[in-house]
Amino acid sequence: MSISFSTLVQKARPARTHAVGGAFRDVLSKLPPTNVTALKNGVRVACEENPVAKFATVGLFFGSGSAHEAGAFSGTSRVLEKCGFLGTANQSKAQIAKAIEELGGQLSVNIDRDQSYIYMKVSKENVNKAVGLLADVARNARLTDEDLAAAKKQVLSDQHDFEERPDEVVFDNMFRAAFDSTGAGLGAPLYGDKNKIDLITKDAVEKYRAGKLDANRVVVVGAGVSQSVLEKAASEFLGDLPAAVKRDVVDTRYIGGEYKLWNLRFKTAHMGWAFETCGANCEDSLPLQLATQVTGSFHRSQHELGQAQMHRVLKTFSSLDHSTPTNTHFNEKAIEVANSFLKQYGDAGLCGMYLVARPCQTGAGDASILHEILQYTMSEWCRISQKVLHQVELDQAKVNLKSQLLFNMDGSSNTAEDIGRQVLYHGRRIPLEEMYNRIDDITAANVQEVLQHYFFSRKPVFSYMGYVYPMPGYDWTHHWTYKYWY
């Protein structure tokens, strides 16, 4: 159904105020708090209780990830994860699989750059068994030659699957180009280096495991379970973990640059650009989050959901209802996706945009469409940082960010992930009411000041994949963070 541009603008117009009403603040004040305690050896126990819940999510969160692997043994964390499910000193592979099935079978494992976790969703009466199983898998992998060979084979298979996901490849290459990837650190490949997987030895895995299981880097997380029950289980299965285990210090050194993977068989170009930011535990994080909400996320199919100025201009590339006049030089299928992102870790991060577009080389002017899309997204950030951030844009961004924070509390699994991440970074879980108050206090000048510090006139990083031969080189694009188009 056709819709006029004025009607779309009217639908997209945000509410007059972003402030939280009194009734909703009363609800926020009644949300259950997240209690954080510590065992004698330093293992932290973080829990959000829910007396009426029949199921709970319990897990182990570790302050270790791919960034802490030795450069010569890239992929060690993945190999260790696989070995844990191939058999431990106490259980065989079949016994582990049976125990998971008996407990409910809802298991989740993830390895990020500086964090990793393993958690299960189980009925409340099985919390103790679940913590025991997770602790056994994390601590007591056998690491036999047969297990290591099987784990390496699985990791190589995961790498192959990873290479089939262009968005993840673009981000992984972006971190390689952004940070020094010659050794450990945020620039290390997330799924390891396929040329180094076979070089991983038992000693390398044991050394990585020792650093990972330092009591001060372990958090036992629960959502929907009693704090006392979780503390008892943590003390039983993790109370003997050693503390202050030495490991190599990760040197995060930002470099910038670009990483291009040409593939002329691709029908689309996957592009990403970013700039260096502070770590997660920094006061500038919240203004950066709001900046990403100002530009937001765009998809060509969601014509009526555009709520930002950038979205309306991107519709020039992706016409409203495919009704672009025939004399335009923009192809209606040029832009597919334009998503803002902020990926922060312990001491650094990246903020920018991920784009998917079509070359669309038929027609006058279309050959440079990829160039123009990339340039426009960066110029919009220049506009926000140097020229003006309208109050109506900031208000809508605050509403979106508050909604996103609320969605993080949807279900015990989401809650457990949020608790583990925040406790590792901040030492506590920030209450939602406090976060809302912080968001309300931020002004347009605060956002602009933060962007002027991190974005404007800073060295960016670019990552390209697919049909990207029309894109200019870094000698041309590196100055786009301080160029005006107005």
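Check the entry above for the structure.
Residues numbered from 1 in each chain as written. Predicted model: local features only at pLDDT ≥ 70, side-chain atom pairs only at ≥ 80, totals over all residues. Heavy atoms only, no water.

Draft legend 1. Spatial organisation of the pattern of salt bridges. Within the structure shown, the criterion is met by 18 salt bridges. Note that E48 is salt-bridged to R429, the shortest N-O span being 2.7 Å. Taken together, the residues E48 in strand 2 (residues 44-48) and R429 in the loop between helix 14 (412-426) and helix 15 (432-441) connect sequence positions 381 residues apart. E48 gets classed as buried once you look at its relative accessible area, which sits at 11%. Residue classification places R429 among the buried residues on the basis of a relative accessible area of 10%. The salt bridge involving R438 is made with E434; its shortest N-O contact spans 2.8 Å. (Salt bridge = Lys/Arg side-chain N within 4 Å of Asp/Glu carboxyl O. Helix = DSSP H or I, 4+ residues; strand = E, 2+ residues; numbered from the N terminus. Buried < 20%, exposed > 50% of the residue type's maximum accessible area, 1.4 Å probe, protein only.)

Draft legend 2. Local environment of the side chain of R44. With respect to the helices, strands and loops of the structure, R44 is situated in strand 2. Within the buried set, R44 has no salt-bridge partner at all; the shortest N-O distance to an opposite charge, 8.9 Å, is to D214. Here the side chain of R44 touches V423 through a polar contact of 3.3 Å, landing on its backbone oxygen. Once residues lying within four places of it in the same chain are set aside, the contact partners of R44 are T37, A38, N216, V218, V219, V220, V423, L424 and G427. (Lys, Arg positive; Asp, Glu negative; His and termini not counted. Polar contact = N/O pair within 3.5 Å; in protein donor to acceptor, adjacent residues only side chain to side chain. Contact = heavy atoms within 4.5 Å.)

Draft legend 3. Molecular detail of the pairing of strand 10 (residues 335-344). Counted residue by residue, strand 10 has seven buried out of ten residues, so it is predominantly covered. The pairing of strand 9 (residues 297-299) with strand 10 spans three bridges and is classified as antiparallel. Along strand 10, the bridge assignment pairs S297 with N339. Bridge count between strand 10 and strand 11 (residues 349-357): nine bridges; the pairing is antiparallel. Considered in strand 11, the bridge of S340 is made with M353. Hairpin connection of strand 10 to strand 11: four residues between the antiparallel strands. (Pairing = 2+ DSSP bridges.)

Draft legend 4. Region of interest: the environment of N90. Looking at the secondary structure, you find N90 in the loop between helix 3 (76-86) and helix 4 (93-103). For the pair N90 and A141, spaced 51 residues apart in sequence, the C-alpha separation works out to 8.9 Å. When sequence neighbours within four positions are dropped, the list of residues in contact with N90 reads Q95, D136 and N140. Here D136 takes part through its side chain, which lies 2.9 Å from a polar atom of the side chain of N90.

Draft legend 5. The sheet that holds strand 11, seen in detail. Here six strands make up an open sheet; going across it, the order is 7-12-8-11-10-9 and the pairing mixed. In this open sheet, the two edge strands, each paired with only one partner strand, are strand 7 (257-262) and strand 9. On average, each strand axis in the sheet is inclined to that of its neighbour by 15°, with strand direction left out of account. Sheet topology places strand 8 (residues 269-277) next to strand 12 (residues 461-466); six bridges connect them, and they run antiparallel. By the bridge assignment for strand 12, A274 is matched with V461. Strand contacts of helix 10 (residues 285-295): strand 8, strand 9, strand 10 and strand 11, with the helix running at about 175° to strand 10, the strand carrying the most contacts. Contacts from helix 12 (residues 369-387) reach strand 8, strand 10, strand 11 and strand 12 within the one sheet, and its direction differs from that of strand 11 by about 145°. (Axes fitted to C-alpha atoms, helices over the stretch in contact; angles between N-to-C directions.)

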